[in-house]
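For reference, the chains in residue letters:
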Amino acid sequence: MKIEELCAAVQEAPYYSQRFTRREYRDAFREYTERFGPLYMDAVRETAEASDGRQALAEQIMDALAAGWKRQRPWNRGMVQAREKQMLVTYLSPMLLGLEEPLCQELAERLRDLWNARWPKDPYQITTYARLQEGFRNVILGIDLTGWERRREERDS
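Residue positions within a chain follow its written sequence, with the count starting from 1. Whole-chain, interface and lining totals are the exception, using all residues; otherwise, since this is a predicted model, local features are given only for residues with pLDDT of at least 70 and side-chain atom pairs are given and counted only at 80 or more. Hydrogens and water are ignored here; the side-chain numbers use all heavy atoms of the structure.

### Re the environment of Glu 101
Reasoning step 1: Each helix is a run of H or I in the DSSP string that is no shorter than four residues. Each strand is a run of E no shorter than two, and both are numbered from the N terminus. Along the chain, Glu 101 falls in the loop between helix 5 (77–98) and helix 6 (102–118).
Reasoning step 2: According to the relative accessible area criterion, Glu 101 is buried, its value standing at 14%.
Reasoning step 3: In this structure the C-alpha to C-alpha distance between Glu 101 and Asp 42, which are 59 residues apart in sequence, comes to 9.4 Å.
Reasoning step 4: Beyond its immediate stretch of four places on either side in the chain, Glu 101 contacts Met 41, Val 44 and Arg 45. Exposed residues in this analysis have more than 50% of their type's maximum accessible area, buried residues have under 20%, and partly exposed residues fall in between, with area computed by a 1.4 Å probe over protein chains only. Here, two residues are considered to be in contact whenever any of their heavy atoms come within 4.5 Å of each other.

Encoded structure:
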């Protein structure tokens, strides 16, 4: 397992962040999970024997992300950090919570706790993909069409 491959799940933010829309998030999340899910499940399984394995893995990931921010120009660091935090919230954590490997949920929680300890003025919370997907609204002139669209999708599938 290479930390660089795991960090790519956060550092490839521009491609996935622009797809965090009501219309594209479902497909983008599926592609993201297909690409990075096996990498994270393998990494977590490698740490299964050690009692502090997920904590060590979370620390390695956070250290690598922070090192990447330090390589940025000073005026660009905050933007890159914010964009990567968005990836943790909208893609990585929901993916980890949804994977069948139970230790992945623990990794998501440890990543969150480590971030919140290192940057207490900029914390984040984790949630599931379904909960994020529910947050997208289809509103026209104040009328919520989300239920209508969901019924149409169910009928067509």
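### Focus on the environment of Gly 37
Reasoning step 1: Structurally, Gly 37 is set in helix 3 (residues 25–46).
Reasoning step 2: Under the relative-accessibility criterion, Gly 37 is labelled buried at 1%.
Reasoning step 3: Taking the C-alpha atoms as reference points, Gly 37 and Cys 104, separated by 67 residues in sequence, lie 9.6 Å from one another.
Reasoning step 4: With residues up to four places along the chain from it excluded, the contact list for Gly 37 reads Tyr 32, Met 95 and Leu 99.

### Here we look at the nonpolar core
Reasoning step 1: Tyr 32, Tyr 40, Ile 61, Leu 92, Met 95, Leu 96 and Leu 111 are the most contacted members of the largest nonpolar core, which totals 42 residues.
Reasoning step 2: Mapped onto this core, the elements with two or more residues apiece are helix 1 (3–11), helix 2 (13–17), helix 3, helix 4 (53–70), helix 5 and helix 6.
Reasoning step 3: Here this core takes 9 residues from helix 3, the largest share from any one element.
Reasoning step 4: Beyond its immediate sequence surroundings of up to four residues, Tyr 32 is in contact with Ala 9, Tyr 16, Gly 37, Met 87, Tyr 91, Leu 92 and Met 95. Put simply, buried Ala, Val, Leu, Ile, Met, Phe, Trp, Tyr and Cys residues joined by side-chain atoms within 4.5 Å make one nonpolar core.

### Here we look at the packing of helix 4 against helix 5
Reasoning step 1: Each axis is a line fitted through C-alpha atoms, taken for helices only over the stretch in contact, and angles between the N-to-C directions span 0 to 180 degrees. Remark: helix 4 packs on helix 5, axes separated minimally by 9 Å, with the N-to-C direction vectors making an angle of 150 degrees. Comparing their axes, helix 5 and helix 4 come out roughly antiparallel. In this structure, helix 4 meets helix 5 at a crossing whose hand is right-handed. Within the contact between the two elements, helix 4 uses Met 62, Leu 65, Trp 69 and Lys 70 and helix 5 uses Arg 77, Val 80, Gln 81, Glu 84 and Leu 88. Here the angle decides the label: under 35 degrees means roughly parallel, over 145 means roughly antiparallel, 65 to 115 means roughly perpendicular, and every other value means oblique. The handedness criterion is simple: a crossing whose near helix is rotated anticlockwise from the far helix by less than a right angle is left-handed, and one whose near helix is rotated clockwise is right-handed.

### Points about the packing of helix 4 against helix 6
Reasoning step 1: In contact at an axis separation of 9 Å, helix 4 and helix 6 are set at 50 degrees when each is read in the N-to-C sense. Compared by their axis directions, helix 4 and helix 6 come out oblique. Helix-helix and strand crossings are classified by hand; for helix 4 and helix 6 the assignment is right-handed. Here helix 4 contributes Arg 54, Gln 55, Leu 57, Ala 58, Glu 59, Ile 61, Met 62, Asp 63 and Trp 69 to the contact with helix 6, which in turn contributes Leu 103, Glu 106, Leu 107, Arg 110, Leu 111, Leu 114, Trp 115 and Arg 118.
Reasoning step 2: When its residues are assigned to classes, the contact of helix 4 with helix 6 shows 10 nonpolar, 1 polar and 6 charged. Residues are grouped as follows: Ala, Val, Leu, Ile, Met, Phe, Trp, Tyr, Cys and Pro are nonpolar; Asp, Glu, Lys and Arg are charged; every other residue, Gly included, is polar.

### What about the packing of aromatic side chains?
Reasoning step 1: Centres within 6.5 Å are what make two rings of Phe, Tyr or Trp a pair, Trp counting through its six-membered ring; a difference in plane orientation under 30 degrees is then read as stacked, over 60 as edge-to-face, and the rest as tilted. A complete count under the given rule lists 16 aromatic pairs for this structure.
Reasoning step 2: Seen from their ring centres, Phe 29 and Tyr 129 are 4.5 Å apart, and the 20 degrees between their planes marks the pair as stacked. Note that Phe 29 is positioned in helix 3 and Tyr 129 in helix 7 (residues 129–134), a separation of 100 residues in sequence.
Reasoning step 3: Taking the centre distance of 5.6 Å and the plane angle of 80 degrees together, the rings of Trp 69 and Trp 115 count as edge-to-face. Remark: Trp 115 occurs in helix 6 and Trp 69 occurs in helix 4; sequence separation between them is 46 residues.

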